[in-house]
Amino acid sequence: QVQLVESGGGLVQAGGSLRLSCAASGRTFSSYAMGWFRQAPGKEREFVAAISWSGGSTHYADSVKGRFTISRDNAKNTVYLQMNSLKPEDTAVYYCAATQVFGLVTTVAYDDWGQGTQVTVSS
């Protein structure tokens, strides 16, 4: 099990950028693949991006491809989500999550979750 804490959310204008961080506790962080999900009001939680345990492989939802970048620093037990060219439709609570298998896009495939961080993009 790994404990996850997100940070870096906030209010930004359309076209702006934010960088989310997810700090993990536990010495086995580097053995987990990680993912970012988001949930807008009244909508289901949806997949955003995933990264393999080594950071060598990444996968993105079509809606964020080319605008968002997921990365990780295993020495710091942290995974990041760089979000550029933000749009109002990116407004949501963003969650990081841990899983044993890279590339999974469903919420049930992830074992551990953070509490989320709010991202609001104004038009």
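Up top is the structure.
What counts and how
- Residues numbered from 1 in each chain as written.
- Predicted model: local features only at pLDDT ≥ 70, side-chain atom pairs only at ≥ 80, totals over all residues.
- Heavy atoms only, no water.
- Helix = DSSP H or I, 4+ residues; strand = E, 2+ residues; numbered from the N terminus.
- Contact = heavy atoms within 4.5 Å.
- Buried < 20%, exposed > 50% of the residue type's maximum accessible area, 1.4 Å probe, protein only.
- Lys, Arg positive; Asp, Glu negative; His and termini not counted.
- Salt bridge = Lys/Arg side-chain N within 4 Å of Asp/Glu carboxyl O.
- Polar contact = N/O pair within 3.5 Å; in protein donor to acceptor, adjacent residues only side chain to side chain.

A.B. asks: So what exactly am I meant to see when it comes to the environment of R67 here?
C.D. replies: Looking at the element boundaries, R67 is found in the loop between strand 6 (58-60) and strand 7 (68-73). Contacts of R67, omitting those with residues within four sequence positions, involve Q82, M83, N84, S85, L86, K87 and D90.

A.B. asks: Got a minute to help me understand the side chain of R72 in this structure?
C.D. replies: Relative to the assigned elements, R72 resides in strand 7. Buried charge without a partner: R72 forms no salt bridge, and the closest opposite charge is D73, 8.3 Å away. Within polar-contact distance, the side chain of R72 engages the side chain of N74 at 2.8 Å.

A.B. asks: Can you walk me through the pattern of salt bridges in this structure?
C.D. replies: For side chains of opposite charge, pairing can occur when their charged atoms come near one another. The tally for this structure, following the rule as stated, stands at four salt bridges. The salt bridge partner of R38 is D90, with a shortest N-O separation of 2.9 Å. With R38 in strand 4 (residues 33-39) and D90 in the loop between strand 8 (78-83) and strand 9 (92-99), this residue pair connects regions lying 52 residues apart in the sequence. Residue class for R38 comes out buried when judged on its relative accessible area of 6%. A relative accessible area of 1% means that D90 is categorised as buried.

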